[in-house]
Amino acid sequence: MGKNITQKIIERRLVSGEMVPGKEIAIRMDQTFTQDATGTMAYLQFEAMGIPKIKTKLSVSYVDHNTIQDGFENADDHLYLMTVAAKYGIHYSRAGNGVCHQVHLERFGVPGDTLIASDSHTPTAGGIGMFAIGAGGIDVAVAMGGGPFYLTMPRIVLVKLSGRLKAWVSAKDVILELLRQLTTKGNVGKVIEYGGEGVKTLSVPERATITNMGAELGVTTSLFPSDEITREFLRAQKRENVWMPLEADPDAVYDEVIEINLSKIEPMVAQPHSPDNVVKVTEIEGLQVDQVGIGSCTNSSYKDLMTVAKILKGKTVPPHVSLIIAPGSRQVLQMITKNGALYDLISAGARIMESACGFCIGNSQAPRTDAVSVRTINRNFEGRSGTKSARVYLVSPETAAACAIYGMMTDPRKLGKRPPRMAIPKECFIDDSMIVPPSNKPEEVKIYRGPNIGDPPRKAPLADKIVGEVLLKVGDKITTDHIMPAGARLKYRSNVPKYAQFVFEGVDPTFAERAKAKNGGFLVGGLSYGQGSSREHAAICPMYLGVKGVIAKSLERIHTANLINFGIIPMTFKDPSIYDQIDQGDHLEIENLLNNLKSSPEITVKNLTKGTTFTVVHNLTPRQADIIMAGGLLNFTRLQHS
Ligand code: MIC
Ligand code: SF4
């Protein structure tokens, strides 16, 4: 029987388990990377493991999230990251070199290799046929130490593309259409492979836009075949040597097939406050726009910015529109500077931001009260922009440029019959001088630890009985941005006690204090609890406040793994209607945990306040149960090595 791409890649790296959908497997990881907001914890945990040098083919540490430096914290973190990278054999991409996913695609990604990185948009590298998964920092630390990555063998979905995109329609519209169809819920445990004739019509940056936002669907990863188009992209990066062809066998079998005719797609927009709240741009045309943001790991490639520059050339944005542009990488910025496109952008009134995450993570450029902000980014969760009342709309670069020119929601087809032609460059400007290679005298490297760097907190081993109050009951689609806000709070990532003060800040500002005073307890959630970012702080900080378990209608993949890694029991209601019978403040009790976690996928919870009992499902593998019982992955790893 023929194989699909995922099976081909996994098969060669399988360390344990059976390749049966739903079963736990462990695979070897060729590459890892971290970004600074998740990286400091990852390296602190790597140091705690006591391994002298990384064991991967390549590991990179990027600085792209926390580059605002309003205080000493960011700069402290950068220096820690630089010195720790030099010592342990890790390449270090300095602040200003660009957003991790964009730079990785350009300078390091390898078709057919596996990659695990501490950021949920890691599947961007699937644009060149990498099997790239986002995970918590500690999973990345384990992989750097040569340990395999454990995941559920996914169900493989083929998205079969036919036709060709029409004028003014672009890759972002394809993934928005898929989000409209599949939504952000219910796709856990799946991998999306793109195939069909339509693949040949998409360049690598377009493919990467599509795989990038697979993160919003909640799938494990998304990937394209590696073909002649991939080869040309790598040749332009002077890296043709890493290319290899990779495609599914003609008789490959898939668990599900979705057909998308590219010719039928129109410009789309995700409305507030969820990436799956998608309609056609024409449906909301005319809405006044206050801010337009072009950038992020989804849409800030050379192709994207050249398209925008060509559209904006000779035009100026109206006074009520603030146009902000953050190029995805220094390479992109260098190239648009050399060819004059930057001049066109500035002349149109664009405010040029650093090549970094910047406004995407809400650490700058917060829009005005009640603003409409149109962005090329991937997430429009409430408050993520830094302004709670702002309404963020997600669109393609073409639509963003049209909105900037007209100052209102505009279908880009209004800009004329012919869109600007944008060929992918045959040669890119290569300058890796902001990537610092590891030291060849690691023993001489002294790791810098400023006052912002704390030790990773530990949890005691699990008790046989846990009791506690329902500290908070929340609804559906609670994202990790709700649990652990980024933006202005991002600078406390390396300081857990401080950062923990802001857990659920936007949902219930009294949460942290209450949780501490009550010595922890439980969280109750609805569907898709833990969507979004890979930030393990959404588990570490609740753990620090004493949270013992999360009970939800359904839980997202990366967040579930993070909860386990930090000793918090992830549980789902066997009967979801029980959700309605629990109130915030109820006292819950779970007994016989040490036996039950391993002997059955279900456990009984007593609601002491209501005098009832109900069943929850934990679905932990024996390995995961051991991690929870040890009090988290760090303790577990130490026990294994002692
Ligand atoms: C995000 O887009 O939410 C982030 C910030 O890149 C996160 C990582 C983090 O919280 O540090 C992600 O996507 O994983
Ligand atoms: Fe950075 Fe935004 Fe991409 Fe996250 S989604 S990695 S914050 S650019």
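In the block above lies the structure referred to throughout.
Just so you know, these numbers come straight off a predicted model, no measurement behind them. (Residues numbered from 1 in each chain as written. Chains lettered and ligands numbered in written order. Predicted model: local features only at pLDDT ≥ 70, side-chain atom pairs only at ≥ 80, totals over all residues. Heavy atoms only, no water.)

### Description of the overall build of the protein chain
The cut-off we apply is this: A run of H or I in DSSP counts as a helix once it spans at least four residues, and a run of E counts as a strand once it spans at least two, with each numbered from the N terminus. For every residue, the accessible area (1.4 Å probe, protein chains only) is compared with the maximum for its type, and the residue is labelled buried under 20%, exposed over 50%, or partly exposed between those bounds. Working definition of accessibility: Shrake-Rupley area with a 1.4 Å probe, residue cover restricted to the visible protein chains. The sign given to each residue is positive for Lys and Arg and negative for Asp and Glu; His and the chain ends receive no count. Where a charge lies is defined by one atom per residue type, namely NZ (Lys), CZ (Arg), CG (Asp) and CD (Glu).
Counting secondary structure elements, the protein chain contains 21 helices and 27 strands. Expressed along its principal axes, the backbone C-alpha trace of the protein chain runs to roughly 70 × 55 × 55 Å. Across the 642 residues that make up the protein chain, the buried fraction comes to 64%. Of the roughly 22,700 Å² that the protein chain leaves accessible, carbon and sulfur atoms contribute 51%. Taking the average location of the 72 positive side-chain charges in the protein chain and that of its 66 negative ones, the two points are 3 Å from each other.

### Here's the deal with the side chain of T387
Where we set the bar: Definition of a polar contact: a pair of N or O atoms within 3.5 Å, with one able to donate and the other able to accept a hydrogen when the atoms are protein atoms, and with sequence-neighbouring residues admitted only if both atoms are side-chain atoms. When checking whether two residues touch, look at their non-hydrogen atoms; a contact exists if any pair is within 4.5 Å.
Take T387: it is sitting in the loop between strand 18 (372-375) and strand 19 (391-394). Residue classification places T387 among the buried positions, given a relative accessible area of 11%. A polar contact of 2.5 Å, which involves the side chain of T387, links it to the backbone oxygen of P367. With residues near it in sequence (within four places) discarded, T387 still touches A366, P367, R368 and T369.

### Examining the site of ligand 1
How we decide: We call a residue near a molecule or strand as soon as one heavy atom of that residue lies within 4 Å of the molecule or strand.
Taken together, 14 residues are adjacent to ligand 1, and D119, S120, R493, S534 and R535 come closest. Separating an oxygen atom of ligand 1 from a side-chain N or O atom of Q35 is a distance of 2.9 Å. One of the side-chain N or O atoms of D119 is found 2.7 Å from an oxygen atom in ligand 1. The fraction of the free accessible surface of ligand 1 (340 Å²) that becomes covered by protein chains is 96%.

### Regarding the sheet that holds strand 2 (residues 24-27)
Consider a sheet: its strands pair through backbone hydrogen bonds, and that pairing is either parallel or antiparallel. Put simply, the test is: Two strands qualify as a pair provided DSSP detects at least 2 bridges between them. To obtain an axis, a line is fitted to C-alpha atoms, over the contacting stretch when the element is a helix, and the angle between two such axes runs from 0 to 180 degrees between their N-to-C directions.
One open sheet holds the three strands; their spatial order is 1-2-8, and the pairing between them is antiparallel. Because the sheet does not close on itself, it has two edges, and the strands there are strand 1 (14-16) and strand 8 (149-152). For this sheet, the mean angle separating the axes of adjacent strands, direction not counted, is 45°. Bridge count for strand 2 against strand 8 is four bridges, and the pairing is antiparallel. When the sheet's bridge partners are listed, I25 is paired in strand 8 with L151.

### As for the site of ligand 2
Quick note on the threshold: All residues other than Ala, Val, Leu, Ile, Met, Phe, Trp, Tyr, Cys, Pro, Asp, Glu, Lys and Arg, Gly among them, are scored as polar; the first ten of these are nonpolar and the last four charged.
Taken together, H65, H101, D119, H121, S296, C297, C357, C360, I361, N378 and R384 form the complete shell of residues around ligand 2. Looking at the shell around ligand 2 residue by residue, the classes come out as four nonpolar, five polar and two charged.

### Quick notes on helix 20 (residues 622-630)
When you tally the buried positions in helix 20, you get seven out of nine residues, the bulk of the element. Backbone geometry just downstream of helix 20 places G631 in the positive-phi region, at approximately 95°.

### Remarks on the nonpolar core
The criterion, for reference: Only buried residues count toward a nonpolar core, which is a set of Ala, Val, Leu, Ile, Met, Phe, Trp, Tyr and Cys residues joined through side-chain atoms within 4.5 Å.
If you look at the biggest cluster of nonpolar residues, it comprises 83 residues, and the most contacted ones within it are F504, F511, Y529, L597 and F614. With six residues, helix 2 (residues 36-49) is the largest single contributor of residues to this core. With residues up to four places along the chain from it excluded, the contact list for Y529 reads V474, I478, I483, F504, L523, V550, A552, S554, L555, E556 and H559. Among the nonpolar cores identified, the runner-up in size contains 40 residues, and V269, Y302, L342 and A404 belong to it.

### Section: the packing of aromatic side chains
So the rule is basically this: Think of it this way: a Phe, Tyr or Trp ring, Trp meaning its six-membered ring, pairs with another when their centres are within 6.5 Å, and the plane angle makes it stacked under 30 degrees, edge-to-face over 60, tilted otherwise.
For the structure on display, the rule yields seven aromatic pairs. Taken together, a centroid distance of 4.6 Å and an interplanar angle of 10° make the contact between Y194 and F224 stacked. Pair noted here: Y194 is in strand 10 (residues 190-195) and F224 is in the loop between strand 11 (221-223) and helix 9 (228-236), with a separation of 30 residues, a long-range link. For Y194, a relative accessible area of 2% translates into the label buried. Ring centres of F573 and F614 lie 6.0 Å apart, and the angle between their planes is 40°; on these two criteria the pair is classed as tilted. With F573 in strand 24 (residues 569-573) and F614 in strand 27 (residues 612-617), the pair connects residues that are 41 residues apart, well separated along the chain. Put simply, the rings of F573, Y579 and F614 touch in pairs and so form one group of aromatic residues.

### A few points about helix 4 (residues 100-107)
By the criterion of burial, helix 4 is predominantly enclosed, with eight of the eight residues buried. Among all positions of helix 4, only C100, H101, Q102, V103, H104, L105, E106 and R107 are buried. The inward-facing, buried residues of helix 4 contact strand 3 (31-35), strand 4 (58-62), strand 6 (114-117), helix 7 (204-212), helix 9 and helix 11 (330-338).

### Some words on the pattern of salt bridges
Our working definition: Note on definitions: salt bridges are taken to be side-chain nitrogens of Lys or Arg within 4 Å of carboxyl oxygens of Asp or Glu.
All told, the structure shown has 42 salt bridges when counted by the stated rule. Between K477 and D276 there is a salt bridge whose closest N-O contact spans 3.2 Å. Taken together, the residues K477 in the loop between strand 21 (466-473) and helix 14 (480-483) and D276 in the loop between strand 13 (268-270) and strand 14 (278-280) connect sequence positions 201 residues apart. The exposure class assigned to K477 is partly exposed, which follows from its relative accessible area of 23%. Owing to a relative accessible area of 12%, D276 belongs among the buried residues under this scheme. Here R514 makes a salt bridge to D508, at a shortest N to O gap of 2.8 Å. Here the salt bridges do not stand alone but share partners, grouping R13, R28, D30, K57 and D113 into one network.

### Here's the deal with the sheet that holds strand 26 (residues 602-607)
The seven strands are arranged 21-22-23-24-27-26-25 in a closed barrel whose pairing can be described as mixed. Mean inter-strand twist for the sheet, computed between neighbouring axes without regard to direction, equals 40°. Relative to strand 25 (residues 587-590), strand 21 runs antiparallel, the two sharing four bridges. Bridge assignment links E469 to a residue of strand 25, and that residue is H587.

### Looking at the packing of helix 2 against helix 3 (residues 72-88)
Spelled out, the test is: Should an angle lie under 35 degrees it is considered roughly parallel, over 145 roughly antiparallel, and from 65 to 115 roughly perpendicular; all remaining angles are considered oblique. Working rule for handedness: look at the near helix, and if it is turned counterclockwise from the far one by less than a right angle, call the crossing left-handed; if clockwise, right-handed.
Contact geometry of helix 2 with helix 3 gives a least axis separation of 10 Å together with a crossing angle of 45°. If you check the angle between helix 2 and helix 3, you find them oblique. With respect to the hand of their crossing, helix 2 and helix 3 are arranged in left-handed fashion. Along the contact surface, helix 2 presents D36, G39, T40, Y43, L44, F46 and E47, while helix 3 presents D77, H78, Y80, L81, V84 and Y88. Of the residues belonging to the contact of helix 2 with helix 3, the class tally is seven nonpolar, three polar and three charged.

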